[in-house]
Amino acid sequence: MRKLVAWQGGSPLLVDDLGSGSGLICLHGLGGGSYFFAGLSRSLINSRRVISFDMPGTGFNLSTVESFSIEGCAEATVEMIDMVSPEPVALLGHSMGAIVALKAYAKRPDKVNGLIFLGGLPEPVPSIKEKLTHRIKRIGELSMTGIGEEAMPSIFAEETLSSRGQLVAMYQRLLETNTDESYIRSIRALLNASAYDVVESISVPCLVITGMEDLYACPFDVKAFADSIPSQVSTEIFDKCGHMIFYEDPARLNETVNTFLQSLESDWEFTYGDGD
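By size, the foremost hydrophobic cluster in this structure holds 92 residues, and its most contacted members are L24, L91, F117 and I202. Here this core gets 8 residues from one element, more than from any other, and that element is helix α3 (residues 96-107). Beyond its immediate chain neighbours, meaning those up to four positions away, L91 contacts L24, I25, T77, I81, A101, A104, Y105, V112, G114, L115 and I116.

Tracing the chain through its elements places I45 in the loop between α1 (38-43) and β4 (48-53). Classification of I45 by relative accessible area gives partly exposed; the value is 35%. Residues I45 and S20 lie 25 residues apart in sequence; the distance between their C-alpha atoms is 6.8 Å.

Our focus in this paragraph is the packing of helix α4 (residues 126-142) against helix α5 (residues 144-151). It is the contact of α4 with α5, at a shortest axis distance of 7 Å, that shows an interaxial angle of 135°. One way to sum up the angle between α4 and α5 is to call them oblique. In this structure, α4 crosses over α5, and the sense of that crossing is right-handed. In this structure, α4 uses R135, R138, I139 and L142 to contact α5, whose residues at the interface are M144, T145, G146, I147, E150 and A151. Tallied by class, residues from the contact of α4 with α5 come to 5 nonpolar, 2 polar and 3 charged.

For the structure on display, the rule yields 10 aromatic pairs. Between Y35 and F36 the ring centres are 5.1 Å apart and the planes differ by 80°, which places this aromatic pair in the edge-to-face class. Looking at Y35, the relative accessible area reads 29%, which means it is partly exposed. Residue F36 is classed as buried on the basis of its relative accessible area, which comes to 3%. Ring geometry for Y171 and Y247: centres 6.3 Å apart, planes at 55°, overall tilted. With Y171 in helix α7 (residues 165-175) and Y247 in helix α11 (residues 245-248), this residue pair connects regions lying 76 residues apart in the sequence. The exposure classification of Y171 matches that of Y247, with both residues buried. Members of the aromatic cluster, each reached through a chain of ring pairs, are Y35, F36, F37, F156, Y171, F246 and Y247. Positioned over the ring face of F238 is R252, at 3.9 Å from the centre of the ring.

Rules of the game
Residues numbered from 1 in each chain as written. Predicted model: local features only at pLDDT ≥ 70, side-chain atom pairs only at ≥ 80, totals over all residues. Heavy atoms only, no water. Core = buried A, V, L, I, M, F, W, Y, C linked by side-chain atoms within 4.5 Å. Buried < 20%, exposed > 50% of the residue type's maximum accessible area, 1.4 Å probe, protein only. Helix = DSSP H or I, 4+ residues; strand = E, 2+ residues; numbered from the N terminus. Contact = heavy atoms within 4.5 Å. Axes fitted to C-alpha atoms, helices over the stretch in contact; angles between N-to-C directions. Parallel < 35°, antiparallel > 145°, perpendicular 65-115°, else oblique. Left-handed = near helix turned anticlockwise from the far one by under 90°. Nonpolar A, V, L, I, M, F, W, Y, C, P; charged D, E, K, R; others polar. Phe/Tyr/Trp six-rings, centres within 6.5 Å; stacked < 30°, edge-to-face > 60°. Lys NZ or Arg CZ within 6 Å of the ring centre and 35° of its normal.

Read these as geometric descriptors, not functional statements.
Take a look at the structure:
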């Protein structure tokens, strides 16, 4: 169900709130939206309450704040956590959403029982910062309606690009619906964002997922991130996937996330997959 939710940081947010049971709050990445998690939400509808929303200052929530900020996104997430209370929730962050999840966790560690990082790191690596800085320049030259085609090869895996053109074209069009101004503001906020200071304080189970061909959160960097987490952590690398696993291998993602969430409510350790 889509509904308006009041929060202290700005105008009411349009939020997707689906299912019932223990809460899972899903946080999208740069240029995305709550629609990233539509398939996951429906796969969990009988066992989970899945909450997702376009970040304040983006998408359907473009006008809810004066300007996009990572801190504003974290504050909105905290208020969603409080909305689900008193039951602890799990947080899932994709890409930039991983930073938001970490910052929200730091504010409400007692209300979070698990963290899922999907193609995300505590801050962008230098090569991605360089790529995103160049993208700002290209948006100035082409506008968003010209940037989508350039961005797709670094977002999807090679097989997806070659055999699933309709899917790639659909996401390209969705990406291009972002306004030039909001997308550039989001990039600039991401370039200056870091949540590495939170990692050492993580005390809940974590699931770290990325694609074998993810250029934004490559397996090498993701494994280093996972190794730095002091709590129980499982790492899953998805073959033939880039940065958009929820589109490229949704069935495996849904099963992996569901298995991890079930483990949070039992005394058995998460062991899905082989971890390579």
